[in-house]
Amino acid sequence: MDRNEKAKTIEELYPIKDLVKDIHIESTLDGRRIHTFSSASTEAFLKEWLALRLQDPKELNDAWNENKMIFLEFELTNGITFRHSYNLETKVFPIGAVGNETIGDIINKEYSSIE
């Protein structure tokens, strides 16, 4: 994986503070949007997510479980979107970050509201 090795946090890797319009949960089957985070959840999630410390992604390989994976799509104000997977069980983002309890609670709340 190519990435800025000097980046210590997600915010240094992705300088997108104040540029995210929405965060969506996408289907792992076909990639379609199945839920959009509330504005409050988006704001709270970004505050926590951007501050996460980055680790070597290879060190987190053992904490990955395909069966517990969801896709999060970040939609920026300029229309650009990008996707990250997230493990509901271990709170791992494959870019080399582990979510905290707040992130887990926000994602679980938003994920549980999908019908």
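Relevant structure appears above.
We now turn to the structure provided with this report.

Thresholds, definitions, all that
Residues numbered from 1 in each chain as written. Predicted model: local features only at pLDDT ≥ 70, side-chain atom pairs only at ≥ 80, totals over all residues. Heavy atoms only, no water. Helix = DSSP H or I, 4+ residues; strand = E, 2+ residues; numbered from the N terminus. Rg over C-alpha atoms; globule rule 2.2 N^0.38 Å. Buried < 20%, exposed > 50% of the residue type's maximum accessible area, 1.4 Å probe, protein only. Contact = heavy atoms within 4.5 Å. Phe/Tyr/Trp six-rings, centres within 6.5 Å; stacked < 30°, edge-to-face > 60°. Lys NZ or Arg CZ within 6 Å of the ring centre and 35° of its normal. Salt bridge = Lys/Arg side-chain N within 4 Å of Asp/Glu carboxyl O. Pairing = 2+ DSSP bridges. Axes fitted to C-alpha atoms, helices over the stretch in contact; angles between N-to-C directions.

## Brief notes about the overall build of the chain
Alright, step 1. Counting secondary structure elements, the chain contains 3 helices and 6 strands.
Alright, step 2. Beginning at the N terminus, the succession of helices and strands in the chain can be written as α-β-β-α-β-β-β-β-α.
Alright, step 3. Relative to the globule expectation of 13 Å for 115 residues, the C-alpha radius of gyration of the chain, 13 Å, shows essentially globular dimensions.
Alright, step 4. Oriented by its inertia axes, the alpha-carbon framework of the chain measures out at about 40 × 30 × 25 Å.
Alright, step 5. For the chain, the proportion of its 115 residues judged to be buried stands at 43%.
Alright, step 6. The contacts in the chain between residues at least 6 apart in sequence include a share of 62% that link residues at least 24 apart.

## Structural notes on the packing of aromatic side chains
Alright, step 1. Scanning the entire structure with this criterion turns up 10 aromatic pairs.
Alright, step 2. Following the ring pairs from residue to residue traces out a cluster consisting of Y14, F37, F45, W49, F74, F82, Y86 and F93.
Alright, step 3. Sitting over the ring of F71, R83 keeps its end group 4.2 Å from the ring centre.

## Remarks on the pattern of salt bridges
Alright, step 1. Enumeration over the complete set of coordinates arrives at 6 salt bridges.
Alright, step 2. Notably, a salt bridge pairs R83 with E26, separated by 2.5 Å at the nearest N-O pair. Here R83, found in strand 4 (residues 81-87), pairs with E26, found in strand 1 (residues 20-26); they are 57 residues apart in sequence, far enough to count as distant.
Alright, step 3. Its relative accessible area of 42% is what places R83 among the partly exposed residues.
Alright, step 4. Residue D30 pairs with R32 through a salt bridge whose shortest N-O separation is 3.3 Å.
Alright, step 5. For D30, a relative accessible area of 51% gives the class exposed.
Alright, step 6. Where salt bridges share partners, they join K21, R33, E73 and E75 into one cluster.

## Focus on the environment of F45
Alright, step 1. Structurally, the position occupied by F45 is in helix 2 (residues 39-50).
Alright, step 2. Residues F45 and K68, 23 residues apart in the sequence, show an inter-C-alpha distance of 19 Å.

## Remarks on the sheet that holds strand 4
Alright, step 1. The 4 strands are arranged 2-1-3-4 in an open sheet whose pairing can be described as antiparallel. Of all the strands in the sheet, just strand 2 (33-36) and strand 4 have a single pairing partner and so form its edges. Within the sheet, the average angular offset between the axes of one strand and its neighbour, ignoring direction, is 35°.
Alright, step 2. Where strand 1 meets strand 2, 3 bridges bridge the pair, whose relative direction is antiparallel. Within strand 2, the residue paired with I25 across the bridge is H35.

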